[in-house]
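Coordinate inspection notes
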Amino acid sequence: GITANAMASAPLAEQYGVTQVLLVAQPHIANGKKHVFGVPLPGKANSQAMVEYAKSKGVKKAAIIWANTPYGQEGNKDITAFAKEAGIEIVNSEGFDTGKFDFTSQASKSAAGKPDAIFLNGGGGSADSLLLKAVVNTGFDGHIIGDLAYSTPTVPDTAGAAADKVVSLTPVNYGDPDAETKKFLDAYQAKYNEGASVLSAYAYVAVKMVAAAIEKADAYEGKALAEAIQSLNFESIIGKLEYTDEYHGGPNADAFKPVTFKGGEFAAPDQG
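Predicted model, so just to flag it, every value in this text is computed and none were measured.

**Here we look at the overall build of the protein**
The secondary structure content of the protein amounts to nine helices and eleven strands. Its C-alpha radius of gyration of 19 Å places the protein within 12% of the 19 Å reference for a compact globule of 272 residues. Relative to its 272 residues, the protein shows a buried fraction of 47%. Summarising the internal contacts of the protein: among those between residues at least 6 apart in sequence, 65% fall at separations of at least 24. As presented, the protein carries roughly 12900 Å² of accessible surface, and 51% of it is formed by carbon and sulfur atoms. Of the charged side chains in the protein, 23 are positive and 31 negative; the average position of the first set lies 3 Å away from that of the second.

The following block contains the structure:
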């Protein structure tokens, strides 16, 4: 479940000694607990990766458009903070309602500041793609840098050719997959006749990690499984899961990879 659900379930897992693996919740829910582990990469790390990518492209001025949700609000604050550290000036910041369909106003205001890049922090729905389309329709020709929501395989379905303009920072290397990632992506496509989202990858990694812990554990019970999970330093298609007594979240900023689309299909971004 999402962070809000995990805030209710994680304390119970801890109380009763049942090992729980969180597939969506942010790491602070699991941190400091013995039996609760998170797979997702922190939203803060996603923001950091976006800014680091922008800096690598020589960006000096940027705008932010963010989903008006708790996750999006945190993304706005984190991108702003990392941009300041990187010497990137934020010239405009606009929230958007994920239940709306017209984002001309947010796109126009952001492009009007003539930034080198526009950061998009999405909400995980079709509004993200409509926003991307609105930004491209302004004629903006700088970098459009999205969070992992913009690596969703369905983005081109709604955004059309505009999908080719965004670079998403995502934990799944869709653009240039290694052998294990490609095997997973191909198998998922064959099984479900659709592309695997980042959330699908989190579930895949969680099952493989728990299976490895079961093989290693002294006993098939909560305490032994939790100790085995923490000792694994598990290598996965989203990066290495390295748990400590204090940190039970997913990999950090260096695990994110840039990806875009070409003609509706995933592709590695141009190097320019």
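So that's the structure; there's more coming.
**Quick notes on the packing of helix 8 (residues 198-216) against helix 9 (residues 222-232)**
The interhelical angle for the contact between helix 8 and helix 9, taken along N-to-C directions, is 115°, at an axis separation of 8 Å. If you check the angle between helix 8 and helix 9, you find them roughly perpendicular. Note that helix 8 runs across helix 9; the crossing there is right-handed. Along its contact with helix 8, which presents Met209, Ala212, Ala213, Ile214 and Lys216, the element helix 9 presents Leu225, Ala228, Ile229, Ser231 and Leu232. For the contact of helix 8 with helix 9, the residue count by class is eight nonpolar, one polar and one charged.

**Section: the packing of aromatic side chains**
Applying the stated criterion across every chain yields a total of seven aromatic pairs. Relative to phenylalanine 103, the ring of phenylalanine 96 lies with its centre 5.3 Å away and its plane at 80°, an arrangement referred to as edge-to-face. According to the relative accessible area criterion, phenylalanine 96 is buried, its value standing at 1%. What makes phenylalanine 103 buried here is its relative accessible area of 2%. What links up through ring pairs into an aromatic cluster is the set Phe184, Tyr188, Tyr192 and Tyr204.

**Comments concerning the pairing of strand 6 (residues 143-146)**
Two elements, strand 5 (residues 117-121) and strand 6, share four bridges in a ladder whose sense is parallel. Counted as the bridge partner of isoleucine 118 is isoleucine 144 from strand 6. Viewed along the sheet, the connection from strand 5 through helix 5 (residues 126-137) into strand 6 turns out right-handed. Where strand 6 lies against strand 7 (residues 166-170), three bridges are found, and the strand directions are parallel.

Reading guide: rules and limits
- Residues numbered from 1 in each chain as written.
- Predicted model: local features only at pLDDT ≥ 70, side-chain atom pairs only at ≥ 80, totals over all residues.
- Heavy atoms only, no water.
- Helix = DSSP H or I, 4+ residues; strand = E, 2+ residues; numbered from the N terminus.
- Rg over C-alpha atoms; globule rule 2.2 N^0.38 Å.
- Buried < 20%, exposed > 50% of the residue type's maximum accessible area, 1.4 Å probe, protein only.
- Contact = heavy atoms within 4.5 Å.
- Areas by Shrake-Rupley, 256 points an atom, 1.4 Å probe, with all protein chains shown as cover.
- Lys, Arg positive; Asp, Glu negative; His and termini not counted.
- Charge placed at Lys NZ, Arg CZ, Asp CG, Glu CD.
- Axes fitted to C-alpha atoms, helices over the stretch in contact; angles between N-to-C directions.
- Parallel < 35°, antiparallel > 145°, perpendicular 65-115°, else oblique.
- Left-handed = near helix turned anticlockwise from the far one by under 90°.
- Nonpolar A, V, L, I, M, F, W, Y, C, P; charged D, E, K, R; others polar.
- Phe/Tyr/Trp six-rings, centres within 6.5 Å; stacked < 30°, edge-to-face > 60°.
- Pairing = 2+ DSSP bridges.
- Right-handed = clockwise from strand over helix to strand, strands pointing away.

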